[in-house]
Amino acid sequence: MQINFTDSAPDNVRLHVQIVNEGDGLEGIDEVLAEGAPTARFRGKPGQVFEGFAKIDGELRRLAISGAGEAGADNRRLNLERAGAALTAKYLRSGETDMVLDLASAVEDAEEAGAALAGLCMRSWSMDDYRTKLSKEKKVSLETVHVINAPEGTLAAWDRELAITKGVDFTRMLVTQPANLLYPESFVEVCQKMFKDTGAELTVLDEAQMEELGMGALLGVGQGSVRESRLLAIRWNGGEEGEKPTVFVGKGVTFDTGGISLKPGPGMEDMKWDMGGAGAVAGGMLALVGRKAKANVVGVVGLVENMPDGNAIRPGDVLTSMSGQTIEVLNTDAEGRLVLCDALHWAQEQYDPEHIVDFATLTGAMIIALGNEHGGVFANDDDLASQLVSAGKSVNDKLWQMPLGPAYDKLIDSPIADMKNIGGRGAGSITAAQFLQRFIKKDTKWAHCDIAGMVWSDKPGHAHDKGATGYGARLINQFIADNVE
Ligand code: BES
Ligand code: MN
Ligand code: ZN
C-alpha cells in the first residue's frame, strides 16, 4: 500500500475518510456522518468506524470517520494507530483502490499523524502469495492512500515510521513462510537480499565453522535435519566509534518437530513459527538500519531445524557447548535453549556487548502463564527489564517481568553433566531462562524474552490481521531509540 501526500484530494476518488477524537464533536464533518454517527452509537472510541454514503456534486461518495479516543489520553499514540488500522481493516479488500485521508481533524502534529499512518500501513500487510484461487471479492484492492492536510513535518515523521513498518512486515513475512521454503540457508539468503546496500554488515557461519568453534549444542539440534544449520550476525554501526554494541539474539528454529522426543501431531504446523525470535531480531534490525539509527547494534540469529532422524540427538545424550559447559539432553524438544546457549556465548565473545537481549519462542509454559497478552522478560538486571517493559508498552509489544533465582537454577543440575536441558514439572519458563543464564558472563547485562505466545495470533489484533503479528521488531527499535540513541 502506497502513502501519497498531496495538497488536495484527487477528484476521481470515491472513498474519503477522517479521524475524529472522542468528545470533540463532529463540526466540519459531512452532515451525513455528523448526523448519522450518533444514531449508530459512534462515539469516537479507538477502533470505532462509522460509514455513510452521500451524493456530492452529483458524485457518489463513500465517507467514513474513525475514532481515536480522547485527545489527551495516555496511550494516545496507540489509539491513533488503532484509528488508522481500523480504516485499513475495513477497506483493504473492500473493492476501493484509493482512499483520501483528511488529517485536518483530530491529529495534532506530525508525530500524531505518523502514528495514524503507521497503524494504517501495518494493518495492510497480508501474504496471499500461495493462494492462486482467491476470488476477486477477497483480494486486496486498496493501493493508495492520498493524505491531505497533514501537519507540518509529517513527511519526515513518516520516513521514520515507514522504516519501522518495513521491519515489522519483514518479521511477519519470515514468520509466515512455511518451513519447506524457509530453512536456515534460505533465511540467510532472504536477509542478504533485504540488507543489501543498506550499510549493514552480515556475517554467516556454516556448520564447519561452528564445528571449529565448538558449538556442540546448536549443531546437536540441527544434526537430525538434512538442512544445514547456520549462524547469522547482522551488524549496524550507526553510533560512536568504539561504543560497545547492544546485541540482540534470536531463536531461529525454522521447524520444531521436537526431534526424537517427537511432538504430538495436532498443531505441529505451528512450529513453522518457532523462528519468531530470529524473525523479531531480523525485522528489528531492518527497522534500525532503515531509519539509520544512531547506535551500534548487532542482531545474531541461531538457525536450525529440529527433526527426528537416524542421526538425530537422543534423550540422554551429552553435548559440549562452545562455552565448554556440558549438557545432558533429557528432552530433544527443549532445543531452543541449546541453540541460544551457543549463540549467546559466541555473541558475547565476538562483540563484548553493553547489554544482550534474546528473543525466543522458548516454552509452551510461557503461554500457560501469560497467554497471548504479554511476553515474559527475565533479566539479571532490573533496570534492563524495566527498559524493555516500557519500550514494549509504548509500541504494544507487551512484556511482563518474571523471576529468576538460585533455587530455580538448582532444578537443572544433572547427575552426569554440568546441567540438564529440562527442569521438573513446575516453572518451565523459568528453568529455561536459568539455563540460558548459565551462559551469560559475570557483569554482562542480559535479558531473555520468551515470546512463545506473541508471534502468532488466531484473531486480528491491534494493527495486524490474524497470523503473524510482527511482535518484537518495534520493541527492539523502541528500546534502542529510548535507551541507546
Ligand atoms: N518451540 C517450543 C515452545 C513453544 C510451544 C512455542 C508452543 C510456541 C508454542 C519449544 O521448543 C518446546 O518444545 N518447549 C518444550 C519444553 C519442554 C520439553 C521442557 C515445551 O514448552 O513443551
Ligand atoms: Mn521444542
Ligand atoms: Zn522450539
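Scoring rules and cut-offs
Residues numbered from 1 in each chain as written. Chains lettered and ligands numbered in written order. Predicted model: local features only at pLDDT ≥ 70, side-chain atom pairs only at ≥ 80, totals over all residues. Heavy atoms only, no water. Helix = DSSP H or I, 4+ residues; strand = E, 2+ residues; numbered from the N terminus. Expected span 1.5 Å × (residues − 1). Buried < 20%, exposed > 50% of the residue type's maximum accessible area, 1.4 Å probe, protein only. Pairing = 2+ DSSP bridges. Axes fitted to C-alpha atoms, helices over the stretch in contact; angles between N-to-C directions. Parallel < 35°, antiparallel > 145°, perpendicular 65-115°, else oblique. Left-handed = near helix turned anticlockwise from the far one by under 90°. Contact = heavy atoms within 4.5 Å. Nonpolar A, V, L, I, M, F, W, Y, C, P; charged D, E, K, R; others polar. Donors = N, O, S within 2.8 Å, 3.2 Å for Na, K, Ca; no water. Tetrahedral: all angles 85-135°; square planar, octahedral: opposite > 155°, others 65-115°. Near = heavy atom within 4 Å. Polar contact = N/O pair within 3.5 Å; in protein donor to acceptor, adjacent residues only side chain to side chain. Areas by Shrake-Rupley, 256 points an atom, 1.4 Å probe, with all protein chains shown as cover. 1 Å grid on protein atoms, 1.4 Å probe; cavity = no way out; pocket = protein on both sides within 12 Å on 5 of 7 lines; lining within 4 Å. Sits in = over half its atoms within 2 Å of the grid points. Core = buried A, V, L, I, M, F, W, Y, C linked by side-chain atoms within 4.5 Å. Domains from an automatic or database assignment. Buried area = accessible area lost by both parts, 1.4 Å probe. Salt bridge = Lys/Arg side-chain N within 4 Å of Asp/Glu carboxyl O.

S.K.: Even after reading the chapter, I still don't get helix 2 (residues 76-91), so can you show me in this structure?
M.R.: An α-helix turns once per 3.6 residues; consequently, residues spaced three or four apart project the same way. Over its 16 residues, helix 2 runs 23 Å from end to end, which matches the ideal 22 Å to within 8%, given 1.5 Å per residue. When helix 2 is considered as a whole, its buried residues turn out to be Arg 76, Leu 78, Asn 79, Leu 80, Glu 81, Ala 83, Gly 84, Ala 85, Ala 86, Leu 87, Thr 88 and Tyr 91.

S.K.: When you look at the sheet that holds strand 11 (residues 318-320) in this model, what are you seeing that I'm missing?
M.R.: In sheet architecture, strand pairing relies on hydrogen bonds along the backbone and comes in two forms, parallel and antiparallel. Taken together, three strands build an open sheet; the order of strands is 11-12-16 and the sheet is mixed. Of all the strands in the sheet, just strand 11 and strand 16 (419-420) have a single pairing partner and so form its edges. Pairing of strand 11 with strand 12 (residues 326-328), which is carried by three bridges, proceeds in the antiparallel orientation. Looking at the pairing, Leu 319 lines up with Ile 327 of strand 12.

S.K.: It is not clear to me how the packing of helix 2 against helix 3 (residues 110-122) should be interpreted in this structure. Could you clarify?
M.R.: When two helices pack together, their arrangement is given by the angle between the helix axes and the distance between those axes. Helix 3 packs onto helix 2 with a crossing angle of 40° between their chain directions and a minimal axis gap of 6 Å. Relative to helix 3, the element helix 2 is oriented oblique. In terms of crossing hand, the pair formed by helix 2 and helix 3 is right-handed. Each of Arg 76, Arg 77, Leu 80, Glu 81, Gly 84, Ala 85, Leu 87 and Thr 88 in helix 2 lies in contact with helix 3, whose residues at this interface are Glu 112, Ala 115, Ala 116, Ala 118, Gly 119, Leu 120 and Met 122. For the contact of helix 2 with helix 3, the class distribution of residues is eight nonpolar, three polar and four charged.

S.K.: What is the right way to look at the coordination of the zinc ion (ligand 3) in this model?
M.R.: Tetrahedral coordination by four donors sets the ideal angle at the metal to 109.5 degrees; octahedral coordination by six donors sets it to 90 or 180 degrees. Binding of the zinc ion (ligand 3) to the protein goes through Lys 251 (NZ), Asp 256 (OD), Asp 274 (OD) and Glu 335 (OE), at separations of 2.0 to 2.4 Å. Classification of the site at the zinc ion (ligand 3) rests on its six donor atoms, whose angles at the metal span 78 to 175°, yielding the label octahedral. Sequence spacing among the residues donating to the zinc ion (ligand 3) works out to K-x4-D-x17-D-x60-E. Here the zinc ion (ligand 3) and the manganese ion (ligand 2) are spaced 3.2 Å apart, with Asp 256 acting as a shared donor. With Asp 256 in strand 9 (residues 246-256) and Glu 335 in the loop between strand 12 and helix 9 (336-351), this residue pair connects regions lying 79 residues apart in the sequence. Accessibility classification places Asp 256 together with Glu 335 in one group, the buried group.

S.K.: Honestly, the pairing of strand 8 (residues 230-237) in this entry has me stumped. Any pointers?
M.R.: The side chains of a regular strand alternate, first on one face of the sheet and then on the other. Summarising burial for strand 8: six of the eight residues are buried, a large majority. Sheet topology places strand 7 (residues 201-205) next to strand 8; five bridges connect them, and they run antiparallel. Of the residues in strand 8, the one forming a bridge with Leu 202 is Ile 234. Sheet topology places strand 8 next to strand 10 (residues 296-306); eight bridges connect them, and they run antiparallel.

S.K.: What am I meant to see in the sheet that holds strand 10 here?
M.R.: Strand order in the open sheet formed by eight strands is 7-8-10-9-13-17-14-15, and the pairing between neighbours is mixed. Looking at which strands have only one partner, the edges of the open sheet turn out to be strand 7 and strand 15 (399-401). Neighbouring strand axes in the sheet, compared pairwise and without regard to direction, differ in orientation by 20° on average. Of the strand pairs in this sheet, strand 9 and strand 10 are connected by ten bridges, and their pairing is parallel. Considered in strand 10, the bridge of Phe 248 is made with Gly 299. Lying over the sheet, helix 13 (residues 428-437) contacts strand 13 (355-360), strand 14 (375-379) and strand 17 (445-450), oriented at roughly 145° with respect to strand 17.

S.K.: Is there a simple way to think about the coordination of the manganese ion (ligand 2) in this case?
M.R.: Those donors, Asp 256 (OD), Asp 333 (O), Asp 333 (OD) and Glu 335 (OE), are the protein atoms that reach the manganese ion (ligand 2), and they lie 2.0 to 2.2 Å from it. Around the manganese ion (ligand 2), the six donor atoms are arranged such that angles at the metal cover 71 to 166°; this shape is classified as irregular. Coordination of the manganese ion (ligand 2) draws on donor residues from a single chain, spaced D-x76-D-x1-E in sequence.

S.K.: Where do I start with the site of ligand 1 in this structure?
M.R.: With respect to spatial proximity, 17 residues lie near ligand 1, and among them Lys 263, Asp 274, Asp 333, Glu 335 and Gly 364 are the closest. Lys 263 has a polar side-chain atom sitting 2.8 Å from an oxygen atom of ligand 1. Between ligand 1 and Gly 364 there is a distance of 2.7 Å, counted from an oxygen atom to a backbone nitrogen or oxygen. Across the complex, the protein chains shield 78% of the 510 Å² of accessible surface that ligand 1 would expose by itself. In this structure the site holding ligand 1 corresponds to the second largest pocket. Going through the elements one at a time, strand 9 and helix 10 (364-370) are the ones with two or more residues in the shell around ligand 1.

S.K.: How should I be thinking about the nonpolar core in this particular structure?
M.R.: Across soluble globular proteins, nonpolar side chains have a tendency to be buried as a group. Counting 47 residues, the largest nonpolar core has Phe 187, Phe 195, Phe 248, Phe 359 and Leu 388 as its most contacted members. The greatest single-element share of this core, amounting to seven residues, is contributed by helix 8 (residues 276-290). Each residue touching Phe 248, except ones within four places of it in the same chain, is listed here: Val 281, Val 297, Val 298, Gly 299, Val 300, Val 357, Phe 359, Ile 476, Phe 479 and Ile 480. Counting residues in each nonpolar core, the second largest holds 40 residues, with Leu 205, Ile 313, Trp 346 and Phe 439 among its members.

S.K.: I keep staring at the packing of helix 8 against helix 14 (residues 473-483) and nothing clicks. Help me out?
M.R.: Contact geometry of helix 8 with helix 14 gives a least axis separation of 7 Å together with a crossing angle of 50°. As the angle between them shows, helix 8 and helix 14 are arranged oblique. Helix 8 and helix 14 meet at a crossing whose hand is right-handed. Contacts between helix 8 and helix 14 involve Ala 280, Val 281, Gly 283, Gly 284, Ala 287 and Leu 288 from the first element and Ala 473, Ile 476, Asn 477 and Ile 480 from the second. Residues of the contact of helix 8 with helix 14, tallied by class, amount to seven nonpolar, three polar and no charged.

S.K.: Teacher, can you tell me more about the domain arrangement of the chain here?
M.R.: In many reports, interface size means the accessible area that the parts give up when they come together. The assigned domain composition of the chain is domain 1 (2-152) and domain 2 (162-483). Taken over C-alpha atoms, the centre of domain 1 sits 37 Å from the centre of domain 2. The interface is formed by 13 residues belonging to domain 1 together with 19 residues belonging to domain 2. Between domain 1 and domain 2 lies a buried interface of about 1400 Å² when both sides are counted; carbon and sulfur atoms form 61% of it. Linking domain 1 with domain 2 are two salt bridges.

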